[in-house]
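Structure at a glance
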Amino acid sequence: MIEKNLKTRTKREVIAIENTTNNLIPSRFMHIMDVGSEYKAIYHALNMETVFVEDKLAKKISTGSLQNIPVQNLENLKTRGLLIEDETEDTKSYKTVKDKLNSLPLTVLYLLVTDKCNFDCRYCFIEGGYTKNQSRNQMSQEIAKRGMDLFVKNIDSGKKRRRTIIFYGGEPILNWNTVEFALGDIASRKEKGSLPTNTRVNLITNGSLITPEIAKVLRKHNVGVSVSLDGRETEHNRNRIFHSSKGTFIETTKGIQILKNHNVHVGISCTLTEGNLETLEEIATFLVNDLDIVSIGFNFLRENPKFSLKDPEYMEKASRAVIESYRILRKKGVYEDRIMRKVNAFTQKKPRINNCAGCGQQIVMAPTGEIGVCHGGIGPKDFFIPYSPDLNTNTHPLWQEWKTRSPFNMEKCTNCIALGICGGGCAYEAFLKHDSIWKLDDPFCIHSKMTLEFLVKDLFEKCLENEKTNRPTLSPSSKH
Ligand SMILES: C[S@@+](CC[C@H](N)C(=O)[O-])C[C@H]1O[C@@H](n2cnc3c(N)ncnc32)[C@H](O)[C@@H]1O
Ligand code: SF4
Ligand code: SF4
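Residues numbered from 1 in each chain as written. Chains lettered and ligands numbered in written order. Predicted model: local features only at pLDDT ≥ 70, side-chain atom pairs only at ≥ 80, totals over all residues. Heavy atoms only, no water.

**Notes on the site of ligand 1**
We apply this condition: Any residue with at least one heavy atom within 4 Å of a molecule or strand is counted as near it. Here a polar contact is recorded for every N or O atom pair within 3.5 Å, except that within protein the pair must consist of a potential hydrogen donor and a potential acceptor, and residues adjacent in sequence are included only if both atoms are side-chain atoms. Only the protein chains shown count as cover for residues, and all accessible areas are computed by the Shrake-Rupley method using a 1.4 Å probe. The helix and strand labels rest on DSSP assignments: H or I over at least four residues marks a helix, E over at least two residues marks a strand, and numbering proceeds from the N terminus. Ten residues, namely Ala, Val, Leu, Ile, Met, Phe, Trp, Tyr, Cys and Pro, are considered nonpolar, four, namely Asp, Glu, Lys and Arg, are considered charged, and the remaining ones, Gly among them, are considered polar.
By nearness alone, 20 residues border ligand 1, and Y123, S228, R240, T271 and R302 come closest of all. Taking F125, its main chain carries an N or O atom lying 3.1 Å from a nitrogen atom of ligand 1. One of the backbone nitrogen or oxygen atoms of R302 is found 2.9 Å away from a nitrogen atom of ligand 1. Burial of ligand 1 by the protein amounts to 95% of the accessible area it has alone, namely 540 Å². Within the residue set of the shell around ligand 1, elements represented by two or more residues are helix 5 (125-128), strand 9 (200-205), strand 11 (266-272) and strand 12 (295-300). Its residues placed into classes, the shell around ligand 1 shows 8 nonpolar, 9 polar and 3 charged.

**Regarding the nonpolar core**
As a reminder of what qualifies: The nonpolar core is taken to be a set of buried Ala, Val, Leu, Ile, Met, Phe, Trp, Tyr and Cys residues, with the residues joined through side-chain atoms within 4.5 Å. Buried means the residue's accessible area, taken with a 1.4 Å probe over protein chains only, is under 20% of the maximum for its type, while exposed means over 50%, and partly exposed covers the values in between. Contact criterion: two residues are considered in contact whenever any of their non-hydrogen atoms come within 4.5 Å of each other.
Judged by nonpolar contacts, the single largest core of 118 residues is most densely connected at L111, F167 and L218. In this view, L111 contacts M139, A144, G147, M148, I165, I166, F167, Y168, A182 and M365; residues no more than four positions away in its chain are not counted. Core analysis: the next-biggest nonpolar cluster, separate from the first, contains 14 residues, L24, I42, L57 and I61 among them.

**Concerning the packing of helix 12 (residues 314-331) against helix 17 (residues 442-468)**
Cut-off, in case you're wondering: Lines fitted to the C-alpha atoms define the axes, with helices restricted to the stretch that makes contact. Angles between their N-to-C directions range from 0 to 180 degrees. Here a crossing is taken to be left-handed if its near helix is turned anticlockwise relative to the far helix by less than a right angle, and right-handed if that turn runs clockwise.
Closest axis-to-axis distance for the helix 12/helix 17 pair is 9 Å, and the angle between their directions is 35 degrees. The way helix 12 lies across helix 17 gives a crossing that is right-handed. Contacts between helix 12 and helix 17 involve M315, E316, S319, R320, I323, Y326, R327 and R330 on the former and, on the latter, P443, F444, I446, H447, M450, T451, F454, D458, E461 and K462.

**A look at the domain arrangement of the chain**
The criterion, for reference: An automatic or database domain assignment supplies the start and end points of every domain. Buried area is understood as the total, over both parts, of accessible area removed when two parts are fitted together, assessed with a 1.4 Å probe. For this document, the term salt bridge refers to a Lys or Arg side-chain nitrogen within 4 Å of an Asp or Glu carboxyl oxygen.
Partitioning the chain into structural domains gives domain 1 (2-99 + 453-468), domain 2 (104-392) and domain 3 (402-448). The straight-line distance from the C-alpha centre of domain 1 to that of domain 2 is 42 Å. Counting residues at the interface gives 14 residues for domain 1 and 12 residues for domain 2. For domain 1, the biggest contributors to the area lost against domain 2 are M48, F454 and L455; these three give 57% of the whole. Where domain 1 touches domain 2, the interface holds 2 salt bridges. Among the ionic pairs, K349 bridges to E49, the shortest N-O distance being 3.0 Å. At the surface where domain 1 touches domain 2, the tally comes to 2 residue pairs in polar contact (both at pLDDT 80 or more). Of the residues assigned to the side of domain 1 that touches domain 2, the class counts are 8 nonpolar, 2 polar and 4 charged.

**Some points on the site of ligand 3**
Residues in close proximity to ligand 3 include K412, C413, C416, L419, C422, G424, L440, C445, S448 and K449, which together make up its full environment. When residues of the shell around ligand 3 are assigned to their parent elements, the largest contribution, 3 residues, is made by helix 17. In terms of residue class, the shell around ligand 3 is built from 6 nonpolar, 2 polar and 2 charged.

**Remarks on the pattern of salt bridges**
Under the counting rule described, the total for this entry stands at 21 salt bridges. In this structure, D99 and K95 form a salt bridge, with 2.9 Å as the shortest nitrogen-oxygen distance. You can see D99 and its partner K95 sitting in helix 4 (residues 88-99), 4 residues apart, about one turn around the helix. Between D149 and K145 there is a salt bridge; the shortest N-O distance is 3.6 Å. Linking D149 with K145, this pair stays in helix 6 (residues 141-154), spanning 4 residues, or about one helical turn.

**Observations regarding the pairing of strand 8 (residues 164-168)**
Rules: Paired strands, in this sense, are two strands between which DSSP finds at least two bridges.
Counting buried residues in strand 8 gives 5 out of 5 residues, a clear majority hidden from the surface. Both faces of strand 8 are covered, namely the face carrying T164, I166 and Y168 and the face carrying I165 and F167. In this structure, strand 7 (residues 108-112) lies alongside strand 8, joined through 5 bridges in parallel fashion. Paired with L112 across the strands is Y168, a residue of strand 8. One ladder, built from 4 bridges, connects strand 8 with strand 9; its direction is parallel.

**Focus: the layout of surface pockets**
Condition: Any residue with an atom within 4 Å of a point lines the site, the site being either a cavity, points on a 1 Å grid over the protein atoms alone where a 1.4 Å probe fits but cannot get out, or a pocket, an open set with protein on both sides within 12 Å along at least 5 of 7 lines. Grid points are joined across faces, edges and corners, and a volume is the space filled by probe spheres set on the points.
Put simply, the second largest pocket is a space of about 230 Å³. Residue lining of the second largest pocket: E274, L277, E278, L280, E281, D311, Y314, K317, R320, A321 and E324, and that is the complete set. Every element with two or more residues in the lining of the second largest pocket is listed here: helix 11 (280-290) and helix 12. If one sorts the elements of the lining of the second largest pocket by residue count, helix 12 sits on top with 5 residues. Across the lining of the second largest pocket, the residue classes break down as 4 nonpolar, no polar and 7 charged.

**Digging into the pairing of strand 5 (residues 50-54)**
Of all 5 residues in strand 5, 5 are buried, a share of seventy percent or more. For strand 4 (residues 39-44) and strand 5, the ladder comprises 5 bridges, and the chain directions are antiparallel. Along strand 5, the bridge assignment pairs I42 with V51. Turn length for the strand 4-strand 5 hairpin, with the two strands adjacent in sequence and antiparallel, is 5 residues, and the turn residue M48 shows positive phi of about 60 degrees.

**Description of the packing of helix 6 against helix 7 (residues 176-192)**
Interaxial distance between helix 6 and helix 7 falls to 9 Å at its minimum, and their mutual angle equals 35 degrees. Along this stretch, helix 6 crosses helix 7, giving a crossing that reads as right-handed. Side by side, helix 6 and helix 7 meet where Q141, A144, K145, M148, D149 and V152 of the first sit next to N177, T178, F181, D185, I186 and R189 of the second. Its residues placed into classes, the contact of helix 6 with helix 7 shows 5 nonpolar, 3 polar and 4 charged.

What follows is the structure, given as structure tokens:
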């Protein structure tokens, strides 16, 4: 709601103001953000309630001088948890969110069916994690079956959370025999009832080895395929190359076409490089208009032992580009996955407690059968343990620690304005940079804070529009 400072007050109101202000204090999750020349947003970092007030009023609220503030304003701020009667209210709402970390179910199985690849992308973090002489392997059907057994054993069928099985690599199609075998295994487990029938199956591929026969099998098993494409020919070929250094655009787009011809659901995974940021909006339009893509995921580039970013402002630029592309894509009804996670948290006012299933909610099966929490550590086998048929992710200390790795357990995050939408970034990235998963994934903080600023300002613009068209003012009640 855009609140106005009311000029006149009744006697009853004055009494109410005095009574109310005697008790109220600003929540420790309350933040004040500039949204325009005359207004500020009063924003609650935990429940994501937002109220827009005139500058003068914001100043009074921020300094805690509530005596002269009209009772309607105070009531509104109180209902939204922005003003509280005592600090236990904050402690209680923080604890309610934090407690959810204790009951996170297992949702994802990653089958890294191979660590070999027919591409040699300049930035590849999988490749970057291996040393020169380390051996590469294909997952056997037996190991894939073990992975499935572990997953089935560890999922709690009582909880209705959707499960996902992901084929990953290296390039997974290089080990098509195991992928095809595992698809049959998944189908038969669904039939027998040991795997929920709504379990999703995804394959992440460079697209170059897709044939009509492969596409038919993927369609038959209803596999969602995410093809990695970094833009149009020049943008894509800058980094995504064969071992001969030849660009891979033609082969990748041919694969996309075959998949589409066979009605396979295709999404695009587009890595944000220093070479495609400036044209990202054009790339987004190309993906939607020319390739008819409706599902897109942008990856922020991660540094690894074989790849460093050159531009110190990469993250600011990448975040800005993702936000601008989101503005374009939403008009076309296409939603980018990464920003949607934050948009959903903000609009539904449901805090994100972690960033991805890597935080203790997935099992990763290495080609040679070791099991881990995060596929990022596959090369050095960081956070992998030897195979054990008895793994219980509800009690194993590795999964238990990663499950609690959340901004809601990190001191530096407690007072952060982006707490509710953040999720805390990548635990493995924090480990690579700072030797501990409990440190901040600092580049991700930039993205979270910039996205929050965009969301609040975007909401303000919508409120102004509503005011102009005389629709009821937008006082976000249950949803923004
Ligand atoms: C590692 S690949 C494995 C699957 C398959 N080979 C492919 O390229 O889609 C999965 C995704 O990770 C992305 N990726 C690779 N290295 C990256 C890095 N350093 N930072 C961010 N994303 C990266 C790729 O662009 C691709 O979309
Ligand atoms: S195709 Fe995938 S696994 Fe292969 S080098 Fe490129 S990003 Fe890495
Ligand atoms: S990770 Fe960074 S942006 Fe996210 S809540 Fe923590 S400090 Fe804030």
